[in-house]
Amino acid sequence: MPSYTPPIRDMQFVMHEVLKVADEYKAMPPHAEVDVDTINAILEEGGKFASEVTFPLNQVGDREGCTLDAKTHEVKTPTGFKEAYAKYVEGGWPALSADPEFGGQGLPIVVNQAFYEMLNSANQAWTMYPGLTHGAYEALHAHGTPEQKKTYLPRLTSGEWTGTMCLTEPHCGTDLGLLRTKAEPQADGTYKLTGNKIFISAGEHDFVSNIVHLVLARLPDAPSGSKGISLFVVPKFQVNADGSLGQRNGIWCGGLEHKMGIHGNATAQIVLDGAVGTLVGEPHKGLQAMFVMMNAARIGVGMQSLGLTEVAYQNALAYAKDRIQMRSLSGPKAKDKPADPIIVHPDVRKMLLTAKAYAEGGRALSMFCSLLIDRELSHPDEKVRKDSAEMVALLTPIVKAFLTDNGHIATNACMQVFGGHGFIGEWGMEQFVRDNRINMIYEGTNTVQSLDLLGRKVLGNQGATLKKFGKLVAQLVEEEGVNEKMAEFINPIAMLGDQMTKFTTELGFKAFQNPDEVGAAAVDYLRVLGHLVFGYFWARMAQVALREIEAGNADPFYKAKLQTARFYFARLFPETATLMRTARAGARSLLDTQEALA
Ligand SMILES: Cc1cc2nc3c(=O)[nH]c(=O)nc-3n(C[C@H](O)[C@H](O)[C@H](O)COP(=O)(O)OP(=O)(O)OC[C@H]3O[C@@H](n4cnc5c(N)ncnc54)[C@H](O)[C@@H]3O)c2cc1C
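The structure reproduced in this document is the subject of the present report.

Calculation notes
- Residues numbered from 1 in each chain as written.
- Predicted model: local features only at pLDDT ≥ 70, side-chain atom pairs only at ≥ 80, totals over all residues.
- Heavy atoms only, no water.
- Helix = DSSP H or I, 4+ residues; strand = E, 2+ residues; numbered from the N terminus.
- Rg over C-alpha atoms; globule rule 2.2 N^0.38 Å.
- Contact = heavy atoms within 4.5 Å.
- Areas by Shrake-Rupley, 256 points an atom, 1.4 Å probe, with all protein chains shown as cover.
- Lys, Arg positive; Asp, Glu negative; His and termini not counted.
- Charge placed at Lys NZ, Arg CZ, Asp CG, Glu CD.
- Near = heavy atom within 4 Å.
- Polar contact = N/O pair within 3.5 Å; in protein donor to acceptor, adjacent residues only side chain to side chain.
- Nonpolar A, V, L, I, M, F, W, Y, C, P; charged D, E, K, R; others polar.
- 1 Å grid on protein atoms, 1.4 Å probe; cavity = no way out; pocket = protein on both sides within 12 Å on 5 of 7 lines; lining within 4 Å.
- Points joined across faces, edges and corners; volume = space filled by probe spheres on them.
- Phe/Tyr/Trp six-rings, centres within 6.5 Å; stacked < 30°, edge-to-face > 60°.
- Lys NZ or Arg CZ within 6 Å of the ring centre and 35° of its normal.
- Core = buried A, V, L, I, M, F, W, Y, C linked by side-chain atoms within 4.5 Å.
- Buried < 20%, exposed > 50% of the residue type's maximum accessible area, 1.4 Å probe, protein only.
- Axes fitted to C-alpha atoms, helices over the stretch in contact; angles between N-to-C directions.
- Parallel < 35°, antiparallel > 145°, perpendicular 65-115°, else oblique.
- Left-handed = near helix turned anticlockwise from the far one by under 90°.
- Expected span 1.5 Å × (residues − 1).
- Pairing = 2+ DSSP bridges.

### Things to note about the overall build of the protein chain
Point 1. Helices and strands together make up the secondary structure of the protein chain, namely 18 helices and 11 strands.
Point 2. Against the compact-globule benchmark of 25 Å for 598 residues, the protein chain has a radius of gyration of 24 Å, which places it among compact chains.
Point 3. Taken over the C-alpha atoms alone, the protein chain extends approximately 80 × 60 × 60 Å along its principal axes.
Point 4. Taking as baseline every contact in the protein chain between residues at least 6 positions apart, the subset at least 24 positions apart corresponds to 73%.
Point 5. For the protein chain, the computed accessible surface area is about 25100 Å², with 56% contributed by carbon and sulfur atoms.
Point 6. Measuring between centres, the 58 positive side-chain charges of the protein chain sit 4 Å from its 67 negative side-chain charges.

In structure tokens:
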């Protein structure tokens, strides 16, 4: 049986010692009262909910999965899932960072994201039900009409209803321009939607009385391609003028997918058969409106892998201390035992430290991103809001793809620590690997994220936002460049920061001559930039840890932080050299291969 302890201390380190979020909030009127104690109290309670309520259901959900009643089209979730959701609602958790105007508690995104990291460690499949609800809330909050907001936001905020996002169709996943679901305008101002959606997470379940589907579809006069897509809100049950539930709408679950992981989450085929919906935002501008939900969801997916990296690490560490096999190469370490614990072996330590470095680096980056979103939403200075939004846009594909790829590496490494036992279900390690695998695929595959990063976010604005991130790196280098103790953390990012400008310009020049060069370099490019970003945060964390140690603080936490930073720069960061080389290899070795791929 796996176990999970919420990493509250590390969260507090990043929030209070590295990012100093409470000081930042003093400048943001909606959060001016949010202090360190408030944040810590929520982390403690949130951690209890995750570890005590949803974590015990993780293996149950994996074993049982969801079941569809073909006659009623209703879905039954695994044992305990529904009751856990009722506790979640009772505790007021869905409202944490929602707008007080609609019943929310108005707390910062940083706090909500930290809570979600813990929920994802505990049970990713369960967490997707409230996670998608939050995304639907955000899309309607940004683009809904006053009537739609009044009807749906209070119920999504309280958790009384849940939400979904319905984009994918059998013939269209990445290329949403191909989608065919139709929306016919009706005399009363509503629309009737007809079509088939697949792979809809949390698409049908037994948690709540109504499910609010956000559906992409085409109007009759829609131009072809992605410029002809509109967004609609389509509830499972229509809603009467007084807010009570009306007729069952023509939107059904036609089947459930059998899949590799996240078995506890219902991945539904959704049939729209003249379902009544209302338009969200402007006609043909549905993709822009949906992007609110998709961007939030992309960061959310990064958080899913961060959660799995953390829980996999914790279990692998405990196992490595307990399992005895072979002797240390440098002589017995546990002389009282017939063999040494496997944690003495250098490669086992490497696997553990890889997961730890990716978890802690991912936590720092995702919290920084959440703080940027708080600034974007709540800072009084318009320039701060604009700069923060730009930086979030740059970092979002990195959070999505780098954290999920790292999650893949980390959960596999942690499973490997268990040897053959990792492959056996009862230990829970193979579930972490399986559950993580989808994170690299949905919300835009990681390849698509890398194209978005290099093509749109970097080359698309001539590297302007990247330069702004470069300035953060340069500031830290200037601050610590003469500090010998920081050299091992500062020199690598200073060097990569310099190389990045030339590397990006070179790729931009090649892409100008042949656009396929972007596709050939993008995945490697994202990983290089991901390491520059991680390197920056690892250097900042090392800086705080060193200062504490020098001030006489004997808490082993700081030594551990420095040791992990050292490992990161010695063992993980250097892959940037190889990645830059492969990115520079160009498109020819991929495209001049007609015979090889015949
Ligand atoms: C469990 C699960 C849950 C999901 N939940 C939802 C949900 O809630 N709502 C929803 O709408 N969808 C959902 N999806 C769908 C998911 O977002 C899509 O599967 C994903 O976007 C990829 O689309 P696709 O599967 O059609 O693959 P395709 O688009 O067919 O892609 C196949 C391969 O081609 C690559 N590729 C495609 N275009 C390019 C390009 N231009 N350049 C380089 N490579 C390219 C892709 O990266 C991928 O490797 C879910 C899927 C699964 C499996």
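There is more to say after this.
### Side note on the site of the ligand
Point 1. Around the ligand lies a shell of 19 residues, among which Thr168, Thr174, Phe199, Ser201 and Thr445 are the nearest.
Point 2. Threonine 168 is positioned such that a nitrogen or oxygen atom in its side chain is 2.7 Å from a nitrogen atom of the ligand.
Point 3. Compared with its free state, where it exposes 980 Å², the ligand has 63% of that area covered by protein.
Point 4. Elements that contribute at least two residues to the shell around the ligand include exactly strand 3 (162–166), strand 5 (191–201) and helix 12 (446–458).
Point 5. Here the shell around the ligand gets three residues from one element, more than from any other, and that element is strand 5.
Point 6. Here the residues of the shell around the ligand sort into 10 nonpolar, seven polar and two charged.

### Section: empty space enclosed by the protein
Point 1. All told, the structure shown has three cavities of 30 Å³ or more when counted by the stated rule.
Point 2. Empty space within the largest cavity amounts to approximately 100 Å³.
Point 3. Looking at the largest cavity, it is lined by 14 residues, and the ones nearest its centre are Pro94, Pro130, Thr133, His134 and Leu156.
Point 4. Residue assignment for the lining of the largest cavity shows that the elements contributing at least two residues are helix 5 (81–90), helix 6 (109–143) and helix 7 (146–158).
Point 5. Per-element accounting of the lining of the largest cavity gives the leading share, six residues, to helix 6.
Point 6. Classifying every residue of the lining of the largest cavity gives nine nonpolar, five polar and no charged.
Point 7. By volume, the second largest cavity amounts to about 40 Å³.
Point 8. Taken together, Ala401, Asp405, Asn446, Ser450, Val523, Leu526 and Arg527 make up the lining of the second largest cavity.
Point 9. Within the residue set of the lining of the second largest cavity, elements represented by two or more residues are helix 10 (382–417), helix 12 and helix 15 (516–550).
Point 10. Considering every element that reaches the lining of the second largest cavity, the biggest residue donor is helix 15, with three residues.
Point 11. Partitioned by chemical class, the residues of the lining of the second largest cavity number three nonpolar, two polar and two charged.

### Observations concerning the packing of aromatic side chains
Point 1. Inspection of the entire model under this criterion finds 34 aromatic pairs.
Point 2. Taken together, a centroid distance of 5.2 Å and an interplanar angle of 75° make the contact between tyrosine 568 and phenylalanine 569 edge-to-face.
Point 3. Connected via pairs of aromatic rings, a cluster forms that spans Phe49, Tyr85, Tyr88, Trp93, Phe115, Tyr116, Trp126, Tyr129 and Phe207.
Point 4. Against the face of phenylalanine 557 rests arginine 9, its NZ or CZ located 4.1 Å from the ring centre.
Point 5. Its guanidinium or amino end placed over the ring of phenylalanine 237, arginine 248 lies 5.5 Å from that ring's centre, counting from NZ or CZ.

### Quick word on the nonpolar core
Point 1. Core analysis: the biggest nonpolar cluster contains 183 residues, and Leu214 and Tyr525 have the highest contact counts within it.
Point 2. Broken down by element, this core gets its largest block of residues, 19 residues, from helix 15.
Point 3. Residue contacts for leucine 214: discarding those within four places in its chain leaves Ala136, Ala139, Leu140, Thr164, Met165, Cys166, Leu231, Phe232, Val233, Val280, Met290 and Met293.
Point 4. By size, the runner-up hydrophobic cluster in this structure holds five residues, among which are Ala125, Met128, Ile262 and Val301.

### Topic: the side chain of threonine 162
Point 1. Tracing the backbone shows threonine 162 in strand 3.
Point 2. Here histidine 205 takes part through its side chain, which lies 2.9 Å from a polar atom of the side chain of threonine 162.

### Some words on the packing of helix 1 (residues 8–18) against helix 6
Point 1. With their axes 12 Å apart at the nearest point, helix 1 and helix 6 run at an angle of 155° to one another. When the axes of helix 1 and helix 6 are compared, the pair comes out roughly antiparallel. Seen from above, helix 1 lies across helix 6 with right-handed handedness. Touching Ile8, Met11 and Met15 of helix 1 are Val110, Ala114, Glu117 and Met118, all from helix 6.
Point 2. Residues of the contact of helix 1 with helix 6, tallied by class, amount to six nonpolar, no polar and one charged.

### Here's the deal with helix 10
Point 1. For helix 10, which comprises 36 residues, the first-to-last C-alpha distance of 49 Å matches the rise-based estimate of 52 Å (1.5 Å per residue) to within 8%.
Point 2. By the N-cap criterion, in which a side-chain oxygen at the helix start approaches the backbone nitrogen of a residue two or three places on, helix 10 is capped by aspartate 381, the distance to lysine 383 being 2.8 Å.
Point 3. Positioned one or two residues after helix 10, glycine 419 has a phi angle of 55°, which is positive.

### A few points about the environment of phenylalanine 232
Point 1. By the secondary structure assignment, phenylalanine 232 is in strand 7 (residues 230–235).
Point 2. When its relative accessible area of 0% is taken as the criterion, phenylalanine 232 is described as buried.
Point 3. Excluding residues within four positions of it along the chain, phenylalanine 232 makes contact with Ala183, Tyr191, Leu193, His213, Leu214, Val215, Ala217, Leu219, Thr278, Leu279 and Val280.

### Section: the side chain of asparagine 436
Point 1. Tracing the sequence through the fold places asparagine 436 in helix 11 (residues 429–437).
Point 2. Of the polar contacts made by the side chain of asparagine 436, one reaches the side chain of serine 305; its length is 2.5 Å.
Point 3. Those residues in contact with asparagine 436 that sit more than four places away from it in its chain are Ser305, Leu308, Thr404, Gly407, His408 and Thr411.

### Section: the environment of phenylalanine 115
Point 1. Mapped onto the elements of the fold, phenylalanine 115 is located in helix 6.
Point 2. Placed 73 residues apart in sequence, phenylalanine 115 and isoleucine 42 show a C-alpha to C-alpha distance of 8.2 Å.
Point 3. Other than its neighbours up to four places away in sequence, phenylalanine 115 contacts Gly46, Phe49, Tyr88, Trp93 and Leu96.

### Notes on the environment of glycine 444
Point 1. With respect to the helices, strands and loops of the structure, glycine 444 is situated in the loop between helix 11 and helix 12.
Point 2. On the basis of relative accessibility, which here comes to 23%, the residue glycine 444 falls in the partly exposed class.
Point 3. Separated by 351 residues in the primary sequence, glycine 444 and tryptophan 93 have C-alpha atoms spaced 28 Å apart.
Point 4. Beyond its immediate sequence surroundings of up to four residues, glycine 444 is in contact with Arg298, Lys400 and Gln449.

### Quick look at the pairing of strand 9 (residues 245–248)
Both faces of the sheet carry side chains from a regular strand, because those side chains alternate between them.
Point 1. When strand 8 (residues 237–239) meets strand 9, the two strands line up antiparallel, connected through two bridges. Each bridged residue has a counterpart across the sheet, and for valine 239 the counterpart in strand 9 is leucine 245.
Point 2. The antiparallel hairpin formed by strand 8 and strand 9 contains five residues in its connecting segment, where glycine 243 sits at a positive phi of about 95°.

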